[in-house]
Amino acid sequence: QVIKCKAAVAWAAGEPLKIEEVEVAPPQAMEVRIKIHYTALCHTDVYFWEAKGQTPLFPRILGHEAAGVVESVGEGVTDLKEGDTVLPVFTGECGECRHCKSEESNMCDLLRINTERGVMISDGKTRFSKDGKPIYHFLGTSTFSEYTVAHAGCVAKINPEAPLDKVCVLSCGASTGMGAALNVAKPKKGSTVAVFGLGAVGLGAAEGARIAGASRIIGIDLISERFEKAKLFGVTEFINPLDHAKPVQEVIAEKTDGGVDYSIECTGNVKAMIQAFESCHDGWGVAVLVGVPHSDAVFQTSPLNFLTERTLKGTFYGNYKPRSDLPGLVEMYLAKKIELEKFITHEVSFADINKAFDYMLKGESLRCIINLIGN
Amino acid sequence: KVITCKAAVAWGPSQPLKIEEVQVAPPKAMEVRIKVHYTSLCHTDLVFWQAEGHTPIFPRIFGHEAAGVIESVGEGVTDLKVGDCVLPVFTGECKECKHCKSEESNMCDLLRIDTERGVMMSDGNSRFSINGKPIHHFLGTSTFSEYTVAHAGCVAKINPKAPLDKVCVLSCGVPTGMGATLNAGKPKKGSIVAVFGLGAVGLAACEGARIAGAARIIGIDFNNERSERAKQFGVTEFINPKEYEKPIQQVIAEKTDGGVDCSVECTGSIEAMVQALECCHDGWGVAVLAGVPRADAVFKTNPVNFLSEKTLKGTFFGNYKPRTDLPGLVEMYLNGELELDKFVTDKVSFSDINKAFDHMLKGEGLRTVIKVIQD
């Protein structure tokens, strides 16, 4: 049956979301309908809400970091059932394609992230409507709604003991950063790591480096106020490029006898990407690009930087396979091997969802949790 | 004592070498004097002999791919003695610095390649002279001479059973290519590898892919005549980019269901470097840069190539540590795992050394071995 519920709808680019009553159609084949308990705002939601320089797709229900419970399943769904506790994810894992079968990749051919698509894959239609008019999906998740519909391959089943108002942040930002460190950079114990950008993703990367046993974690950000908070995530030193006349690569090289062993770029700024690469040590340094740039960005460097044995990698979602790996991250949290509370700086009710946007636009928050079940 | 012997001296840029009688001073502390038996011409000799866009350093004794026998050792040399069979190498291994101690790097802080230096490090003087006038060294090897002096850290001691007219090619070109594949690219058995540039380094990269068990080795070169010979080195398909309108990355992606698993760039062309990165498969592809570009070259690409989980590395001398690893390569040759004979396409006497330059300038052949030892 169709469910009527509340959703925060973005009617046009940059306009405050409005809480509306919407209809949510039942899940079709290989889909599930999820009751969202908690969701968080991620910068990617803001980016597509502002829709600068992109094809605007409105009205749309944004949101892709969330945790909830399966309400109903469509035909053919075997891995999930009603009542399962889940994290919907903006990228999926069909389990069949070359990427899913590869040990390394998480870029599923069928279900990988698609920012342009506003409908469900099976029939090209949306499951949301208001007064008969369709409302578009976002990243196959659309979690700013009391109920949403997602492809079963994009939903990770997790331990029902997990507190959903905490683990919702594992659907995107914290995992992206931590995975960049743990799965891609793979810092050795005692190594030196530089992290560019100390927002939620960068702090996730610092946290990953801390867990790996890095001896020094150098945080680089243009906002000095971020350093204090960053210490909680293992950052041992802070560099603000604005405080130095010389290029930050040189500043880092001087502080680290030639360069860091690993650098992780979490801003999406192409200059920072180049700096991150050039500040790692010749012979063995590894730089990992995480932050998403403008579509016309150009990465450039002297090829000698490669011939002197530096490696440049990148990651998508921290190289985590959503269905295979997220349950394990939740277990790590429950076993207190990773800390998530420190990522959460604010909490608001669903009605106040626009405050989450304000906090993020002002740079005041890391993660603001939005409560959809009204406890 | 000073030795008087023959050397092929370059008196000016691009001037045919002249066989002259030179004086070779005895080795100082940490140096050895080597009787060169066989040497071969490598493209890097040619580049610095032509000295276009480099500081011209003349008169100079070139040559850095060679095999010989220790004639005398200087003070403090413990790892080498008179009579040892050796490969002098253009880059060294002090075994003390961070690089030498690192598992990954071969870029020794003390003894790494220096193309500008024309003297010995200990005293800033040359060991070669004619009538009292100094002749410059090249890459610390200067093997176009019956006797040469090198730093002991730049000399690899090898099995005396090795035929020196074959293993001389293991001082440079062959390990550079083979290591690019085996040590940096590390393609798995059954994988698909693309190699750009089918000169000696590129064919050595193909040989490395063959040894690794690659299922397909795609050779890319502008010269169709190179395709036949490349088959001996494991190349299964040949592509000449000039025969296609569409970019070579696309041609390769179409032939390989999305891209190769590993690509190795052996031309030094900046366009080929970008193509090598872009033609590897997202999710897991690794591109390795081996060819040395022009000093002003700039590598540019869209960062999305990294965010889609491609890795870009570079190598120097195939990541082989000269003293530690070259003896093992000689053993691989002696037990038949590694084939070197196919790299040698001509043999000339010392007095005919300029023929080696002619072959290379005309793009003929792979390696010309020059017999320096008198019968």
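Residues numbered from 1 in each chain as written. Chains lettered and ligands numbered in written order. Predicted model: local features only at pLDDT ≥ 70, side-chain atom pairs only at ≥ 80, totals over all residues. Heavy atoms only, no water.

Named according to an unreviewed UniProt entry, chain B is Alcohol dehydrogenase 1 originating from Pinus banksiana. Quoted straight from UniProt, the Cofactor (unreviewed entry) entry for chain B says "Zn(2+)". UniProt's Subunit (unreviewed entry) comment on chain B is quoted here verbatim: "Homodimer." (UniProt positions renumbered as here; feature names shortened; annotations may be inferred.)

In the annotation of an unreviewed UniProt entry, the entry for chain A reads Alcohol dehydrogenase 1, and the organism field reads Pinus banksiana. Listed under Sequence similarities (unreviewed entry) in UniProt, the entry text for chain A is "Belongs to the zinc-containing alcohol dehydrogenase family." Listed under Subcellular location (unreviewed entry) in UniProt, the entry text for chain A is "Cytoplasm".

J.: Lay out the sheet that holds strand 7 (residues 133-135) of chain A with the relevant residues and their values.
T.: All names here are of chain A. Taken together, the four strands give an open sheet; going across it, the order is 1-2-6-7, and neighbouring strands pair in antiparallel fashion. Single-partner strands in this sheet number two, and they are strand 1 (3-9) and strand 7. Adjacent strand axes in the sheet meet at a mean angle of 50°, parallel and antiparallel pairs treated alike. As defined by bridge partners, strand 1 adjoins strand 2 (residues 18-24) across seven bridges and the pair is classed as antiparallel. Paired with Val9 across the bridge in strand 2 is Lys18. (Pairing = 2+ DSSP bridges. Helix = DSSP H or I, 4+ residues; strand = E, 2+ residues; numbered from the N terminus. Axes fitted to C-alpha atoms, helices over the stretch in contact; angles between N-to-C directions.)

J.: How would you sum up the packing of aromatic side chains? Please name residues and give values.
T.: A full pass over the atoms with the stated rule returns 20 aromatic pairs over all chains. Taken together, a centroid distance of 6.3 Å and an interplanar angle of 70° make the contact between Phe144 of chain A and Phe357 of chain A edge-to-face. Here Phe144 of chain A is found in the loop between strand 7 and strand 8 (147-151), whereas its partner Phe357 of chain A is found in helix 11 (residues 353-361), with 213 residues between them in sequence. Here Phe144 of chain A falls in the buried class, since its relative accessible area comes to 0%. Residue Phe357 of chain A is classed as buried on the basis of its relative accessible area, which comes to 2%. Through a chain of ring-to-ring contacts, three or more aromatic side chains come together here, namely Phe277, Phe299 and Phe306 of chain A together with Phe299 and Phe306 of chain B. Taking NZ or CZ as reference, Lys342 of chain A lies 5.0 Å from the ring centre of Phe233 of chain A, over its face. (Phe/Tyr/Trp six-rings, centres within 6.5 Å; stacked < 30°, edge-to-face > 60°. Buried < 20%, exposed > 50% of the residue type's maximum accessible area, 1.4 Å probe, protein only. Lys NZ or Arg CZ within 6 Å of the ring centre and 35° of its normal.)

J.: Please set out the interface of chain A and chain B residue by residue, giving values where relevant.
T.: Taken residue by residue, the interface counts 42 residues in chain A and 42 residues in chain B. Of the roughly 3,200 Å² buried between chain A and chain B, counting both surfaces, carbon and sulfur atoms make up 57%. On the chain A side of the contact with chain B, Arg98, Leu307 and Glu309 of chain A bury the most area, a combined 21% of that side's loss. Counting across the chain A and chain B interface gives six salt bridges. One salt bridge in this structure joins Asp257 of chain B and Arg98 of chain A, with 2.9 Å as the shortest N-O distance. (Contact = heavy atoms within 4.5 Å. Buried area = accessible area lost by both parts, 1.4 Å probe. Salt bridge = Lys/Arg side-chain N within 4 Å of Asp/Glu carboxyl O.)

J.: How would you summarise the UniProt feature "domain: Alcohol dehydrogenase-like N-terminal" (unreviewed entry) in chain A if you had to cite specific residues and measurements?
T.: As recorded in UniProt, the feature "domain: Alcohol dehydrogenase-like N-terminal" (unreviewed entry) lies at residues 30-158 of chain A. Measuring from the first to the last C-alpha atom of residues 30-158 of chain A gives 19 Å, for a span that is 9% helix and 29% strand.

J.: Any chance you could break down the UniProt feature "domain: Alcohol dehydrogenase-like N-terminal" (unreviewed entry) in chain B for me, citing the residues and the numbers?
T.: Here the UniProt feature "domain: Alcohol dehydrogenase-like N-terminal" (unreviewed entry) sits at residues 30-158 of chain B. Within residues 30-158 of chain B, the helical portion is 9% and the strand portion 29%, while the C-alpha atoms at the span's ends are 19 Å from each other.

J.: I'd like a rundown of the sheet that holds strand 1 (residues 3-9) of chain B, residues and numbers included.
T.: Either a parallel or an antiparallel arrangement is found when strands of a sheet pair, and the pairing is made through backbone hydrogen bonds. Residues and elements named next belong to chain B. The antiparallel open sheet is built from four strands, whose spatial order is 1-2-6-7. The outermost strands of the open sheet, each flanked by one partner alone, are strand 1 and strand 7 (133-135). Adjacent strand axes in the sheet meet at a mean angle of 50° when their direction is disregarded. Across seven bridges, the pairing between strand 1 and strand 2 (residues 18-24) is antiparallel. Following the sheet pairing, Ala8 is matched in strand 2 by Ile19.

J.: Mind laying out the UniProt feature "domain: Alcohol dehydrogenase-like C-terminal" (unreviewed entry) in chain A, listing which residues take part and the relevant values?
T.: Residues annotated in UniProt with the feature "domain: Alcohol dehydrogenase-like C-terminal" (unreviewed entry) correspond here to residues 200-332 of chain A. Secondary structure across residues 200-332 of chain A divides into 38% helix and 17% strand, with the first and last C-alpha atoms of the span separated by 19 Å.

J.: With reference to specific residues and values, describe unusual backbone geometry.
T.: The step from Phe58 of chain A to Pro59 of chain A runs through a cis peptide bond, and the omega angle for that step is -5°. You can see Pro59 of chain A is positioned in the loop between helix 1 (43-50) and strand 4 (65-73). Here the residue pair Phe58 of chain B and Pro59 of chain B is connected by a cis peptide bond, since its omega of -5° sits within 30 degrees of zero. On the secondary structure map, Pro59 of chain B appears in the loop between helix 1 (43-50) and strand 4 (65-73). The phi torsion at Lys336 of chain A lies on the positive side, around 65°, for a residue other than glycine. Within the secondary structure layout, Lys336 of chain A lies in the loop between helix 10 (322-334) and strand 17 (344-349). Phi is positive for Leu139 of chain B, which is not a glycine, with a value near 55°.

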